[in-house]
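# Structural characterization, general
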Amino acid sequence: MQHQSYLDSEQPRRRRFLQVLLSLNLSADILNFEFTIPFSFRRFPVVEKRWRAALNFESDELFTSIPNDSELADAFMDRKQREGSARGFGVRRTHQSSPGSDSWIDDPITRHIVSLYITKEEQKNLLWPLILHIRGLFTILVLPFVEPKHLKAYASLCKRPDCGSALGLDHGLSSLLIQLPSITGAFMIAHAIGDIITGDVVEPEVIVSSAPSVGGLFDSLTGSIGISSRPKPVAPSVASSAPLGAAVPGLATADSQKFGSRPLDKDALRTFISSSMPFGTPLDLNYSNIFNIKANGFSASDLPPADQKQPAWKPYLYKGKQRVLFTIHETVHAALYDRDEIPDIISISGQMNCRADLEGLPDVSLPLSGVNTANLEVSSYHPCAQVSDQGLDKQGVMFSPPLGNFVLMRYQATCALGPPVSGFYQLSMVSEDKGAFLFKLRLMEGYKAPLTMEFCTVIMPFPRRRIVSLDGTPSVGTVSTSDHSVEWKIVPSGRGLSGKSIEVTFPGTVKFAPWQNQRVPSSRSIGATADEDSDNEAENASNMVNEEHLMEKMNKDLPPVDLEEPFCWQAYNYAKVSFKIVGASLSRIAIDPKSVSIYPAVKAPVEFATQVTSGDYILWNTLGKCPHVATVKT
């Protein structure tokens, strides 16, 4: 009875969620690199009818029907020419941005949520918001349903002279978008379609230790001497009705061809879109579920008990050995400057993956600890979950698990333990073709067992210079070079660092091939303009060699800044750190396996594992230029 009442109480919340996304998708189109439309799916007349009813012929500037393929392709090409690229400028540019264009709003989000002007009968009708997602050679456009008043609000924003996210306007683009949750659903659809196009349809990784943990003193002792259980991934499950070895249509396998030669599977896309979002309402974007149902159908053994309601995310019931696995995957991003005037930035993006091999339709509940310690900035949960507060530093999570591996929770948090790699990197050019560098780093400072760093590598990239020779010996580790980078393996794989911190240094010099002018613009950049006049000034005839003169001489031939490049890599000197840490999460978010409960009660072991990897973990050159966010002084 208790189980039934939980499902009943879940229904209103679930219906509200679906109503938010109701009639989400007016159109889903895919353009290739030639900006023709190889695939267009438009099967939602119910949504168009709802739009026309909401419009009520209020304005001639608002479209009344979805444009055809040729009109859409022409409008997209016009925007590309007007905005400089497929994504656009994202910021207002003098002499290039004009009132009515996306870049006139002066907000980078307009590179992902774009507008098009459809010309019909000598009138330009505004089409917005189009979600723009580029995957491989294809551009995906998804148009969610919004009210006419929101479209009019955006049209007025495009003509205001005082736009810009930096102004903090109450009626700016951000305040408009926060009223449109359907845009979030449109992004999910665009990414799901992109995964199908590229064959990147993979389930979240869930790992389990190959040996059971004894815990307590034993784990501390074995961890301190480098002995730890090696985690191994758990393969995604296959639906119970699927025969062994059966392949799901459209899924990429290990032996499948890479995307470059992989044709666009229009039938797989059509099946996914029509099944996952009937009448334009997304119900289940899980690719495996959709194609398992299409390939296998249902049998009498797949029917749930008569007194239970089977959720859409679990079309098949599991049968077999029961167990529950949780894995926290965290990615650490950092920008370390070692400067008094610029604070270091460290952030963590994480997700909790789960696999609940449980028969029937049970509920799983658990206390999630470390919520306040982690200073969660953003968190989101799978639609199957309900969340409630349980004290100062805990959240209670109850969910009816889907079949196979799934993401239970995503979050952004701070690093509760401090940076796993701290220190500085310095590079000074002593001549045009020779640079002196120094690393001084500290690894795992303040970290204790069972936290273990499995490997740590530092790479110095020089994309615009060819390395001739390297002179220097690190205090720990080995060094190797390629034409355009230096790699320093501080902690090699197989020799983990646990229970202690170490300080490492690496002084040296690097010699480059003679400098050559490189005025060829980046392949994705829009061509250089008359702004380069200052680059053509005569160089100082003095033979005095100093840092400022050398950097100016080399940087003057930089290609134009490409907004697609994170941090504009080519303009700065930096080193990138890569590492992997196991044993605990750096945000301090954790699950106690003994506190996980299952209703109805069953005997099922519960295991919990963590894995932390580096993302963009950057050491900026202390002696050079570096990009950073300007802080507002109050």
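Each remark here, short or long, concerns the structure printed above.
This report concerns the structure included in the present document. (Residues numbered from 1 in each chain as written. Predicted model: local features only at pLDDT ≥ 70, side-chain atom pairs only at ≥ 80, totals over all residues. Heavy atoms only, no water.)

A few words on the overall build of the chain. Across its full length, the chain holds 10 helices and 26 strands. Considering only intrachain contacts with a sequence separation of at least 6, the fraction spanning at least 24 residues in the chain is 74%. A total of about 31,700 Å² of accessible surface is found on the chain, and carbon and sulfur atoms cover 53% of it. (Helix = DSSP H or I, 4+ residues; strand = E, 2+ residues; numbered from the N terminus. Contact = heavy atoms within 4.5 Å. Areas by Shrake-Rupley, 256 points an atom, 1.4 Å probe, with all protein chains shown as cover.)

Packed helices, taken two at a time, are described by the angle their axes make and the gap between the axes. Direction vectors running N to C along helix α8 (residues 266-276) and helix α9 (residues 287-296) enclose 100°, while the axes themselves pass 10 Å from each other. It follows from the interaxial angle that α8 and α9 lie roughly perpendicular. Listed contacts from α9 to A268, T271, F272, S275 and S276 of α8 are Y287, I290, F291 and K294. Partitioning the contact of α8 with α9 into residue classes produces five nonpolar, three polar and one charged. (Axes fitted to C-alpha atoms, helices over the stretch in contact; angles between N-to-C directions. Parallel < 35°, antiparallel > 145°, perpendicular 65-115°, else oblique. Nonpolar A, V, L, I, M, F, W, Y, C, P; charged D, E, K, R; others polar.)

Sheets are built from strands that pair by backbone hydrogen bonding, the pairs being arranged parallel or antiparallel. If you trace the four strands from one edge of the open sheet to the other, you get β15-β16-β22-β18, paired in antiparallel fashion. Taken across any chain shown, the strands that pair with only one partner, and hence form the sheet edges, are β15 (421-431) and β18 (467-472). Adjacent strand axes in the sheet meet at a mean angle of 20°, parallel and antiparallel pairs treated alike. (Pairing = 2+ DSSP bridges.)

With that settled, the discussion passes to helix α3 (residues 69-83). For α3, built from 15 residues, the straight-helix expectation of 21 Å at 1.5 Å per residue is met to within 8% by its first-to-last C-alpha distance of 21 Å. All buried positions along α3 are accounted for by L72, A73, A75, F76, R79 and E83. Seen end-on, α3 carries its buried residues on one side only, within an arc spanning 165°. Once α3 ends, the next one or two residues include G84, with phi positive near 90°. (Expected span 1.5 Å × (residues − 1). Buried < 20%, exposed > 50% of the residue type's maximum accessible area, 1.4 Å probe, protein only. Arc of directions from axis to C-beta.)

Glancing now at the pattern of salt bridges. Once their charged atoms are close, side chains differing in charge can pair, the charge on each being opposite to the other. Inspection of every chain in the model, using the stated rule, returns nine salt bridges. A salt bridge links E445 to R442; the nearest nitrogen and oxygen atoms lie 3.7 Å apart. E445 gets classed as partly exposed once you look at its relative accessible area, which sits at 41%. Salt bridges here are not isolated pairs; linked through shared partners, they connect R323, R355 and D357. (Salt bridge = Lys/Arg side-chain N within 4 Å of Asp/Glu carboxyl O.)

Before going further, it helps to spend a moment on the side chain of E83. Locating E83 in the fold gives a position in helix α3. Nearest to the buried, unbridged E83 among oppositely charged side chains is R82, at 4.3 Å. Of the polar contacts made by the side chain of E83, one reaches the side chain of S103; its length is 3.1 Å. Ignoring any residue separated from it by four or fewer positions in sequence, one finds E83 in contact with G88, F89, S101, D102 and S103. (Lys, Arg positive; Asp, Glu negative; His and termini not counted. Polar contact = N/O pair within 3.5 Å; in protein donor to acceptor, adjacent residues only side chain to side chain.)

As a further point, take the nonpolar core. Core analysis: the biggest nonpolar cluster contains 40 residues, and F439, L441, L443 and L586 have the highest contact counts within it. Of all the secondary structure elements, the ones that give two or more residues to this core are β8 (323-336), β15, β16 (434-443), β17 (452-461), β20 (485-491), β22 (502-512), β23 (574-582) and β26 (606-620). Setting aside anything within four residues of it in sequence, one finds L443 in contact with P420, V421, M453, C456, I490, V491, L497, K500, S501, I502 and V504. In this structure, I131, L151, C158 and I273 belong to the second largest nonpolar core, which totals 39 residues. (Core = buried A, V, L, I, M, F, W, Y, C linked by side-chain atoms within 4.5 Å.)

Another aspect to go through is unusual backbone geometry. Phi is mostly negative for residues that are not glycine, and the peptide bonds are mostly trans. Each neighbour pair has its own omega, and for W128 with P129 the value is 0°, a cis peptide bond. Along the chain, the position of P129 falls in strand β4 (residues 123-135). Positive phi, close to 55°, is recorded for D338, a residue that is not glycine. Relative to the assigned elements, D338 resides in the loop between β8 and β9 (345-357). For D338, a relative accessible area of 40% corresponds to the partly exposed category.

This paragraph deals with the packing of aromatic side chains. Applying the stated rule across the entire model yields 13 aromatic pairs. Both rings, one in W51 and one in F145, keep their centres 6.4 Å apart while their planes meet at 85°; by these two values the pair is edge-to-face. Of this pair, W51 sits in helix α2 (residues 45-55) while F145 sits in the loop between β5 (138-144) and α4 (148-157), and the two are 94 residues apart along the sequence. Take W51 and F145: they sit in the same class, and that class is buried. (Phe/Tyr/Trp six-rings, centres within 6.5 Å; stacked < 30°, edge-to-face > 60°.)

Inspection of the secondary structure assignment puts T198 in helix α6 (residues 182-198). At 3.0 Å, the side chain of T198 forms a polar contact with the backbone oxygen of G194. Among the polar contacts made by the side chain of T198, one reaches the main-chain carbonyl oxygen of D195 at a distance of 3.4 Å.

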